[in-house]
Amino acid sequence: MHDPNSSKHFLIAQISDPHIKTNGRLSYRQVDTARALQRAIETLNTLTPSPELVLISGDLTDFGRPEEYAACKALLEKLHAPYYLIPGNHDDRAAMRDAFAQHDYLFQHPRFLQWVVEDHPVRLIGLDSSVPGLPHGELCAERLGWLDETLKKRPELPTLVMLHHHPFTSGITHMDRQPLREPTALAEVIARHPQVERVLCGHLHRAIQTRFAGTLAMSCPGVSHQVSLDLEPGGPSGFHLEPPGYLLHQWSFTHGLVTHQGFIGDYPGPFPFYDEHGLID
Ligand SMILES: [Fe+2]
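Keep in mind it's a predicted model, so treat the numbers as computed, not measured. (Residues numbered from 1 in each chain as written. Predicted model: local features only at pLDDT ≥ 70, side-chain atom pairs only at ≥ 80, totals over all residues. Heavy atoms only, no water.)

## Some details on the coordination of the iron ion
Protein-derived ligands of the iron ion are Asp17 (OD), His19 (NE2), Asp59 (OD) and His205 (NE2), with the metal-ligand distances lying across 2.1 to 2.3 Å. Geometry at the iron ion is irregular, judged from its four donor atoms and the angles of 84 to 173 degrees they form at the metal. Here the donor residues of the iron ion are spaced in sequence according to D-x1-H-x39-D-x145-H. Of this pair, aspartate 17 sits in the loop between strand S1 (10–15) and helix H1 (33–45) while aspartate 59 sits in the loop between strand S2 (53–56) and helix H2 (66–76), and the two are 42 residues apart along the sequence. The residues aspartate 17 and aspartate 59 share a single accessibility class, namely buried. (Donors = N, O, S within 2.8 Å, 3.2 Å for Na, K, Ca; no water. Tetrahedral: all angles 85-135°; square planar, octahedral: opposite > 155°, others 65-115°. Helix = DSSP H or I, 4+ residues; strand = E, 2+ residues; numbered from the N terminus. Buried < 20%, exposed > 50% of the residue type's maximum accessible area, 1.4 Å probe, protein only.)

## Re the sheet that holds strand S12 (residues 245–252)
Spatially, five strands are ordered S3-S2-S1-S12-S13 in an open sheet, and the strand pairing comes out mixed. For this open sheet the edge positions go to strand S3 (83–85) and strand S13 (256–263), each flanked by a neighbour on one side alone. Taken over all neighbouring pairs, the strand axes of this sheet differ in orientation by 25 degrees on average, direction set aside. In this structure, S12 lies alongside S13, joined through eight bridges in antiparallel fashion. Bridging across to S13, glycine 245 finds its partner in phenylalanine 263. Together, S1, S2, S12 and S13 form the strand contacts of H1, whose direction differs from that of S1 by roughly 170 degrees. (Pairing = 2+ DSSP bridges. Axes fitted to C-alpha atoms, helices over the stretch in contact; angles between N-to-C directions. Contact = heavy atoms within 4.5 Å.)

## Examining H2
Listing the buried residues of H2 in full gives Glu68, Tyr69, Cys72, Leu75 and Leu76. Seen from one end, H2 has its buried residues packed into an arc of 125 degrees, which puts them on one side. Against the buried residues of H2 lie H1, S2, S3 and helix H3 (93–99). (Arc of directions from axis to C-beta.)

## What about the pairing of S2?
Burial along S2 is two-sided: Leu53 and Leu55 and Val54 and Ile56, pointing in opposite directions, are all buried. In this structure, S1 lies alongside S2, joined through four bridges in parallel fashion. Within the sheet, the bridge partner assigned to isoleucine 15 lies in S2 and is isoleucine 56. Between the parallel pair S1 and S2, the chain is carried across by H1, and the sense of this crossover is right-handed. For S2 and S3, the ladder comprises three bridges, and the chain directions are parallel. (Right-handed = clockwise from strand over helix to strand, strands pointing away.)

## Remarks on the sheet that holds strand S9 (residues 215–219)
By definition, the strands of a sheet pair up through backbone hydrogen bonds, in either a parallel or an antiparallel sense. Strand order in the open sheet made by the six strands is S4-S5-S6-S7-S9-S8, with mixed pairing throughout. The two strands at the open ends of the sheet, each matched to only one other strand, are strand S4 (115–117) and strand S8 (208–212). Averaged over all pairs of adjacent strands, the angle between strand axes in this sheet comes to 20 degrees, irrespective of strand direction. Both S8 and S9 contribute to a ladder of five bridges, which runs antiparallel. Looking at the pairing, arginine 211 lines up with leucine 216 of S9. Set on the sheet, helix H4 (residues 141–153) makes contact with S4, strand S5 (123–126), strand S6 (159–162) and strand S7 (196–201); between it and S5 the angle comes to about 175 degrees.

## Remarks on the UniProt feature "domain: Calcineurin-like phosphoesterase" (unreviewed entry) in the protein chain
UniProt records the feature "domain: Calcineurin-like phosphoesterase" (unreviewed entry) at residues 12–206, using the numbering of this structure. Helix makes up 29% of residues 12–206 and strand 14%, and the two end C-alpha atoms of the span are 18 Å apart. (UniProt positions renumbered as here; feature names shortened; annotations may be inferred.)

## Remarks on the pattern of salt bridges
Under the counting rule described, the total for this entry stands at twelve salt bridges. For the salt bridge of glutamate 142 with arginine 111, the shortest nitrogen-to-oxygen distance reads 2.6 Å. Taken as a pair, glutamate 142 in helix H4 and arginine 111 in the loop between H3 and S4 lie far apart in primary sequence, 31 residues in all. Its relative accessible area of 49% is what places arginine 111 among the partly exposed residues. Measuring nitrogen to oxygen at the nearest pair gives 3.2 Å for the salt bridge that ties glutamate 242 to arginine 206. Of this pair, glutamate 242 sits in the loop between strand S11 (239–240) and S12 while arginine 206 is found in the loop between S7 and S8, placing the two residues 36 residues apart along the sequence. Judged by relative accessible area, arginine 206 falls into the buried class, the value being 12%. One continuous salt-bridge network, built from bridges that share partners, spans Glu118, Arg123, Arg154 and Glu156. (Salt bridge = Lys/Arg side-chain N within 4 Å of Asp/Glu carboxyl O.)

## Topic: the side chain of histidine 166
Mapping histidine 166 onto the fold places it in the loop between S6 and helix H5 (173–176). What makes histidine 166 buried here is its relative accessible area of 0%. In this structure, histidine 166 is in contact with Met175, Asp176, Gln178, Pro179, Leu180, Cys201, His203 and Leu204, ignoring residues within four places of it in sequence.

## What about the side chain of threonine 215?
Structurally, the position occupied by threonine 215 is in strand S9. For threonine 215, the contacting residues outside a window of four places in its chain are Ile190, Val196, Glu197, Arg198, Val199 and Thr210.

This is the structure we're talking about:
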């Protein structure tokens, strides 16, 4: 068990929205999502220090097909750290459970792929906001009741709550047509439990942060394509092939939870600020 007096860090990586296709097909005829996930895994595996676990916030596959899950799993098995999954709007609950049958936590709830993991210094809760066949998200009374009861059991533990859909208005019109619906119902539950350090989501395919229910809600970049940064009201749907990214949530008992955004791929550097004469001019 983690020593509460220790300043040791506990590092959690988050990636999102791999949208895996098969047979070399490109997502939206543009994106080699399998290669992108492979690069993300290579990046996470070479981080120093290494993340102790990886959260994946939904849209594992592009169309929820069994063969897409098989391809996705074959890639994810190369991660050095254990990983935890929730479904997104592009996923299929039954196919996802079939493919990841050894992930016991996916079977905690009889109907929904939502779960709690207690094995770490930070308590992890995954929610299933998916609605079969539709792009928006929902959390019914059953799912929210489960969340409330689960949070009530360990109020002393710092907790991350992860769901696929954003429970806030992003300002990107076409994504705000498919958010988590009725986010105030989720906010009422979260506000009752101040141990929630973050509400984490995917779906937006870019990093966005905002206050939410007394805590911080934030979305993870996509590991392949990024939703276009278009804050024009009524703007069209589209994506850019900007550098893909990930989040690193670093917990310590002395500093709390601090979140960083990193980029996938190789970039020039590191370069020194100083040489033997001091700050380099
Ligand atoms: Fe997505």
